[in-house]
Amino acid sequence: MSRSALFPKFFTTWFEARWRSLLLLLFGVYLPLQAFAILALQIWKLEGGLTWEVPLMMMIHNMASATIDRLAETLTHLGSATRVAPVAGAIALAFFLQKRWRSLIYLLTTLVGCVAINLAAKELWHRIRPHLWDGYVLPQDFSFPSGHAMTSMAFAATLIILTWGSRWIWLTFPLGSVYVAAIAWTRLYLGVHYPSDILAGWMLAIAWAMGMSLVVKPHLIGLKISTQQAIEQSTHH
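What you are looking at is a predicted structure, and each value in this text was computed from that prediction instead of being measured.

(A) Spatial organisation of the overall build of the chain. Counting its regular elements, the chain contains nine helices and zero strands. Shown N-terminal to C-terminal, the secondary structure of the chain runs as helices and strands in the order α-α-α-α-α-α-α-α-α. Taking all 237 residues of the chain together, 38% fall into the buried category. Pairs at least 24 residues apart make up 81% of the contacts formed inside the chain by residues separated by at least 6 positions.

(B) View of the packing of helix H6 (residues 147-162) against helix H7 (residues 169-189). As a packed pair, H6 and H7 sit with axes 9 Å apart at the nearest point and diverge in direction by 175°. Regarding the angle of H6 to H7, the classification is roughly antiparallel. Listed contacts from H7 to His-148, Ser-152, Met-153, Phe-155, Ala-156, Leu-159 and Ile-160 of H6 are Ile-169, Thr-172, Phe-173, Gly-176, Tyr-179, Val-180, Ile-183 and Arg-187. Broken down by class, the residue content of the contact of H6 with H7 amounts to 10 nonpolar, four polar and one charged.

(C) Examining the packing of aromatic side chains more closely. On inspection of all chains with the given rule, the structure shows six aromatic pairs. An angle of 65° between the planes, with centres 5.7 Å apart, marks the rings of Phe-96 and Trp-101 as edge-to-face.

(D) Spatial organisation of unusual backbone geometry. In this chain, Phe-144 is followed by Pro-145 through a cis amide linkage whose omega measures -5°. Along the chain, Pro-145 turns up in the loop between helix H5 (101-125) and H6. The phi angle at Lys-99 is positive, at roughly 60°, despite the residue not being glycine. Secondary-structure assignment places Lys-99 in the loop between helix H4 (81-97) and H5. In this structure Lys-99 comes out as partly exposed when scored by relative accessible area, which is 42%.

(E) Spotlight on the environment of Trp-44. In this fold, Trp-44 is placed in the loop between helix H1 (3-43) and helix H2 (53-61). Spatially, the C-alpha atom of Trp-44 lies 9.9 Å from that of Phe-144, the residues being 100 residues apart in sequence. With residues up to four places along the chain from it excluded, the contact list for Trp-44 reads Leu-124 and Trp-125.

(F) Summary view of the nonpolar core. One finds Phe-36, Tyr-106, Leu-111, Trp-125, Phe-144, Phe-155 and Tyr-179 to be the most contacted residues of the largest nonpolar core, which totals 37 residues. Non-local contacts of Leu-111, meaning those with residues more than four positions away in its chain, are made with Ala-88, Ala-154, Phe-155 and Thr-158. Counting 12 residues, the second-largest nonpolar core is a separate cluster that includes Met-57, Ala-72, Trp-133 and Tyr-189.

(G) View of the layout of surface pockets. Empty space within the largest pocket amounts to approximately 690 Å³. The wall of the largest pocket is formed by 22 residues, among which Leu-24, Ile-161, Trp-164, Met-210 and Ser-213 lie closest to the centre. Within the residue set of the lining of the largest pocket, elements represented by two or more residues are H1, H6, H7 and helix H8 (195-216). A class-by-class count of the residues in the lining of the largest pocket yields 15 nonpolar, five polar and two charged. Its boundaries defined by the atoms lining it, the second largest pocket holds a volume of some 210 Å³. Forming the walls of the second largest pocket are 16 residues, and the residues nearest its centre are Asn-118, Asp-141, Gly-147, His-148 and Thr-151. Going through the elements one at a time, H5 and H6 are the ones with two or more residues in the lining of the second largest pocket. Examining the composition of the lining of the second largest pocket, we find that five residues originate from one element, H5, more than from any other. Partitioning the lining of the second largest pocket into residue classes produces six nonpolar, six polar and four charged.

(H) Region of interest: H6. In this model H6 runs 22 Å from its N-terminal to its C-terminal C-alpha over 16 residues, within 8% of the 22 Å that 1.5 Å per residue would give. Buried residues dominate H6, accounting for 15 of its 16 residues. One side-chain oxygen at the N-terminal end of H6 lies 3.4 Å from the backbone nitrogen of His-148; it belongs to Ser-146.

Criteria and cut-off values
Residues numbered from 1 in each chain as written. Predicted model: local features only at pLDDT ≥ 70, side-chain atom pairs only at ≥ 80, totals over all residues. Heavy atoms only, no water. Helix = DSSP H or I, 4+ residues; strand = E, 2+ residues; numbered from the N terminus. Buried < 20%, exposed > 50% of the residue type's maximum accessible area, 1.4 Å probe, protein only. Contact = heavy atoms within 4.5 Å. Axes fitted to C-alpha atoms, helices over the stretch in contact; angles between N-to-C directions. Parallel < 35°, antiparallel > 145°, perpendicular 65-115°, else oblique. Nonpolar A, V, L, I, M, F, W, Y, C, P; charged D, E, K, R; others polar. Phe/Tyr/Trp six-rings, centres within 6.5 Å; stacked < 30°, edge-to-face > 60°. Core = buried A, V, L, I, M, F, W, Y, C linked by side-chain atoms within 4.5 Å. 1 Å grid on protein atoms, 1.4 Å probe; cavity = no way out; pocket = protein on both sides within 12 Å on 5 of 7 lines; lining within 4 Å. Points joined across faces, edges and corners; volume = space filled by probe spheres on them. Expected span 1.5 Å × (residues − 1). Polar contact = N/O pair within 3.5 Å; in protein donor to acceptor, adjacent residues only side chain to side chain.

Written as structure tokens, this is what we have:
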């Protein structure tokens with residue numbers, strides 16, 4: 001077979017084995033990052049919200065009542081990194097005890113990485129939080145992107161990816177979706193974030209979670225096997 005005919009055969013074989021990863025790269029990494037970039041450029045030198053943001057926030061806040069205030073203030077804490085950390089730590093411990101090293105690495109790098117990315121992004125954009133009404137004390141850090149939105153989306157996306165293909169996906173996907181939406185609603189209802197802060201946080205978290213899944217490949221067992229072999233070899237020596 002001539003060299004000119006070898007490449008099409010190689011490319012066909014390669015593409016058949018990689019097309020799913022390419023689709024994940026496109027829809028899970030590139031497009032969310034593109035959406036984030038569009039939002040980031042729009043608010044780079046913008047002191048207030050985009051034209052559609054304040055009306056949306058006012059519409060959400062029109063349902064305000066003392067009961068809903070208490071509900072929102074309680075629920076919103078569930079999206080903070082400090083509240084997610086104990087649950088993630090318990091899952092990480094379970095992975096460690098089960099020797100699911102790839103899943104453990106994926107969980108830790110995704111969640112810790114999201115926190116680091118969020119802190120860096122806030123310091124870069126320096127967006128001041130909205131102040132449309134009194135009642136809830138505004139956090140002291142910057143607004144863009146939302147840390148609660150990033151944390152909740154990263155946590156939900158991580159669990160969905162880890163349970164993908166198993167019977168647990170029918171639990172993690174709907175519960176994760178409701179969790180992410182509820183945290184976003186609380187941040188808008190309380191007036192501590194613009195909608196673009198929420199969307200930007202979601203896009204960054206999705207891109208990071210999907211990107212790390214392509215790097216770590218948490219569903220493979222190769223790392224577990226190779227680690228066990230290394231331990232056995234060191235023991236024999």
